[in-house]
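# Descriptive structure summary
So you can see what is in the structure, the chains are spelled out below.
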Amino acid sequence: MVVTADNEGRQRASARSLKSIVDFAVGCHARAVAVLLMVALLGFLPGFFSVPPIDRDEARFAQATKQMVESGDYVDIRFQDEVRYKKPVGIYWLQAGVVKTASALGFPHALTTIWLYRIPSLVGAIGAVLLTYWAALAFVSRRAAVLAGLMMASCVLLGIERLIAKTDAMLLMTVVAAMGAMARAYLWQGRERLSASSAWTTAAVFWTALAAGVLLKGPLIVMVVGLAAVALIVVDRSAGWLLSLKLLAGIIWLAILVLPWFFAIMGQAGDAFFAESVGEDLLGKVFAGQESHGSPPGYYFILFWVTFWPGATLAASATPAVWQARREPAIKFLLAWLVPSWLVFELVVTKLPHYVLPLYPAIAILIAGVIDARALSRKPFLVWGTIWWFVVPLVAGIAGLVVLVVIGRQFGLLVWLLMGAAAVMGFLAWRFYQADGAEHALLRAIAAAILIAIAVFGLIIPSLGQLFPSPTLARILRDSGCTRPQAAAVGYQEPSLVFLAGTTTRLADTLGAVEFLRGGECRFVFIEAREERSFAQRAEALGLRYSAGPRIDAINISTGRPITIAVFRSVGSS
């Protein structure tokens, strides 16, 4: 490829302009936080308000929270009449607090506005980015800490989790806070830098974060923190640094924060909570692949190159330097954060991509430290691996445009421009990696990641109405002219429908749907096409009068198959 001097000069100017952002950020902590916040918002806000409720996990969490608000019971966790004891109550309380506040301020339809339920996830994702910067300052320079924060702000997996109203983005924030505090206790032991007052502050951050993580997702945070601590104790043959975490006071504080709800749920549900959360959910995932999510060891290693993109592209080049410095206290701590828990996750049978998210900040800090030390490997095959910066936006652009045209039936000129710009930035990151340096290349790749996020989440997904039939069905109820319409569903019974159409939405079979329509006026049933004949036969046998409404052609996002949903409305009472 021939590059003219003029073009090359423009590329170098582009690199310098991106570098100047980092130069500005490292001037002081306030600037660093401002830059990281700006980049995180650019990457995390696209689609936040416009993407409908996503089945199934997000809609289940949001519906359970909605029922808490409707019932006023903030101890029990239910989806309609079924108990939902797989996770503790933390995320439901956070979501309920946001929704209750919005309702008190007069926000219309707060109970069914999904982005309100996503606010804790957004806060958790942004908090994780900022806390990665804070945690990194215990290990590396401010410049490297900013780079680590930027890697998390552009990380593909976190860019997905911030959009879903469930536990994982918030859990990540608590893990980073706990590990950042523990790192200070470990690295600064015996130094004047860790005075008595700062030791108590560090301990307070550690134990509060640990308690919050337990209330969000049970023992997962304890596993990550505990395995890291055990690994350090075994390697160093010393546990003296744990004393600076004020163990006795910390355990008491942890119990004060965590135990009241656990006692409350045990008083209300007996041992049912622990039977489901520990027996079925936790141990079931360890020994069996739940919900078709079983995968062999190596699953997370393979996914890592996509889910931690664009930072993952430099992981292989950073590995030799990390291995060489593995006995240094900072590197030792980061590896203790990463390796033991990663091995456990690879051995657990049930695997979901987000399980390893709490370990990604350690990887980001390791890579950033190697970049800052200019110690990345220069082996040709590793340097050629940087082509991944170009391949990902190119493939994402082609796939996104195909989906937009085929499913969304739109040309999407702005999407073409954004995806084209992302591919160009990815190409430049790869092409000028050696000429401009790893930091410049990484910044270009981060820019490409943000452009992709804007295109995919801000423009493509919201335009794919066929993937989200529940808002259309809920709109039919709102536009029916009925004061309190009631609905039942046969075949298509996704949680998003219950969330949007109402908690009383009945998930029934065809006989139940017929009986439901017989109950009075302003009743609607949503029948998937494969169940329609059975419904019609049962309705005819019972002499049911009903009127046919619109038919909705869609794609069930949970199963990936095309569906048609017929709408029927009761006519009087039978």
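Rules of the game
Residues numbered from 1 in each chain as written. Predicted model: local features only at pLDDT ≥ 70, side-chain atom pairs only at ≥ 80, totals over all residues. Heavy atoms only, no water. Pairing = 2+ DSSP bridges. Helix = DSSP H or I, 4+ residues; strand = E, 2+ residues; numbered from the N terminus. Salt bridge = Lys/Arg side-chain N within 4 Å of Asp/Glu carboxyl O. Buried < 20%, exposed > 50% of the residue type's maximum accessible area, 1.4 Å probe, protein only. pLDDT = per-residue confidence, 0-100. Contact = heavy atoms within 4.5 Å. Axes fitted to C-alpha atoms, helices over the stretch in contact; angles between N-to-C directions. Left-handed = near helix turned anticlockwise from the far one by under 90°. Nonpolar A, V, L, I, M, F, W, Y, C, P; charged D, E, K, R; others polar.

Sheet strands pair by backbone hydrogen bonding; their relative direction is either parallel or antiparallel. Pairing in this open sheet of five strands is mixed, and the strands run β4-β3-β5-β7-β6 from one edge to the other. Edge positions in the open sheet fall to β4 (506-507) and β6 (546-556), since each of these has one partner strand only. Of the strand pairs in this sheet, strand β3 (residues 486-490) and strand β5 (residues 523-528) are connected by five bridges, and their pairing is parallel. Within β5, the position partnered with Gln486 by the bridge is Arg523.

This part is about the pattern of salt bridges. Pairing between side chains becomes possible if they bear opposite charge and their charged atoms approach one another. Applying the stated criterion across every chain, the model contains 17 salt bridges. Taking the shortest distance from any N to any O, the salt bridge between Arg118 and Glu58 comes out at 2.7 Å. Taken together, the positions of Arg118 in helix α5 (residues 114-136) and Glu58 in helix α3 (residues 57-71) put the pair 60 residues apart, joining distant regions of the chain. With respect to burial, Arg118 and Glu58 carry one shared label: buried. Across the salt bridge formed by Arg530 and Glu531, the nearest N and O atoms sit 3.8 Å from each other. Exposure remark for Glu531: the relative accessible area of 23% places this residue in the partly exposed category. Each of Lys19, Asp23, Arg143 and Glu439 takes part in salt bridges that share partners, so that together they form one network.

Turning next to the confidence of the model for the chain. When pLDDT is averaged along the chain, the result is 92, and 92% of the positions lie at 70 or above. Contacts for the low-pLDDT stretch residues 1-5, under 50 throughout, to residues beyond four places or in other chains number five contacts.

Burial runs high along strand β7 (residues 561-570): seven of the 10 residues are buried. By the bridge criterion, five bridges tie β5 to β7 in an arrangement that is antiparallel. Bridge assignment links Val525 to a residue of β7, and that residue is Phe568. Relative to β7, β6 runs antiparallel, the two being bridged by nine bridges.

This paragraph deals with the packing of helix α2 (residues 29-44) against α5. Running from amino to carboxyl end, α2 crosses α5 at an angle of 145°, the nearest separation of the two axes being 10 Å. Handedness of the crossing formed by α2 with α5: right-handed. When α2 is examined against α5, the residues His29, Ala32, Val33, Leu36, Leu37, Ala40, Leu41 and Phe44 are found in contact with a partner set consisting of Leu122, Ala125, Ile126, Val129, Leu130 and Tyr133. Of the residues that constitute the contact of α2 with α5, the class distribution is 13 nonpolar, one polar and no charged.

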